[in-house]
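Notes for the structure review
Chain by chain, the residues run as shown.
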Amino acid sequence: KRAAETLCYDYNRTHNLDIRVVRIFNTYGPNMEVEDGRVVSNFIVQALNGEDITVYGDGSQTRSFCFVSDLVRGLIDFMDHPDFAGPMNLGNDREFTILELAEQVIRLTASKSKIIYKDLPADDPVRRRPDLAVARDKINFEPRVTLEEGLGRTIAYFRELLSA
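Residues numbered from 1 in each chain as written. Predicted model: local features only at pLDDT ≥ 70, side-chain atom pairs only at ≥ 80, totals over all residues. Heavy atoms only, no water.

Regarding its fold elements, the protein presents 6 helices and 9 strands. Taken over the C-alpha atoms alone, the protein extends approximately 55 × 35 × 25 Å along its principal axes. Each of the 164 residues in the protein was classed as buried or not, and the buried ones make up 40%. Residue pairs in contact within the protein that sit at least 24 positions apart in sequence constitute 85% of those at least 6 positions apart. Distance between charge centroids for the protein: 2 Å, based on 21 positive and 26 negative side chains. (Helix = DSSP H or I, 4+ residues; strand = E, 2+ residues; numbered from the N terminus. Buried < 20%, exposed > 50% of the residue type's maximum accessible area, 1.4 Å probe, protein only. Contact = heavy atoms within 4.5 Å. Lys, Arg positive; Asp, Glu negative; His and termini not counted. Charge placed at Lys NZ, Arg CZ, Asp CG, Glu CD.)

This part covers unusual backbone geometry. At the junction of Gly-86 and Pro-87, the peptide bond is cis and its omega measures out at 5 degrees in the coordinates. With respect to the helices, strands and loops of the structure, Pro-87 is situated in the loop between helix H3 (68-79) and strand S6 (88-90). The backbone of Asn-16 shows a phi angle near 55 degrees, a positive value even though the residue is not glycine. By secondary structure assignment, the location of Asn-16 is in the loop between helix H1 (2-15) and strand S1 (22-24). A relative accessible area of 68% places Asn-16 in the exposed class. A positive phi angle is found at Asn-31, which is not glycine, with a value near 80 degrees. By secondary structure assignment, the location of Asn-31 is in the loop between strand S2 (27-28) and helix H2 (39-48).

Structure (structure tokens):
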């Protein structure tokens, strides 16, 4: 990712190419792949299939989840912003524990799934939360879709996909 950012800035300097550098954080929503390996889709698919939900570690590690429509709106607003190439973080800075996410997915799917715990991988970060100060300052960015609302839309998508 860092190399790609550097190449973009090099093209900007060398060819006067208009660029924007965005750092995208944990985006989810309809049209995700069933087996993409992301925690949101993993939990939803496990819950809808009545499988145990796998939480690594004790589930206290936090993540911030950005619904796709918020991300797209931020990307468009940033593309339209003159005289600032970035970098800019886009995402949602509201944090949830992985355990809270699992419990919400079970509740919203009305699943009978149980939460099981496995060893936390050594490289798993304890916290992932974007600093949105630049996005708020430059494009007045604010995530609008709550996790519960976004999960509801994403669950509906996966429910239809899995029943087909």
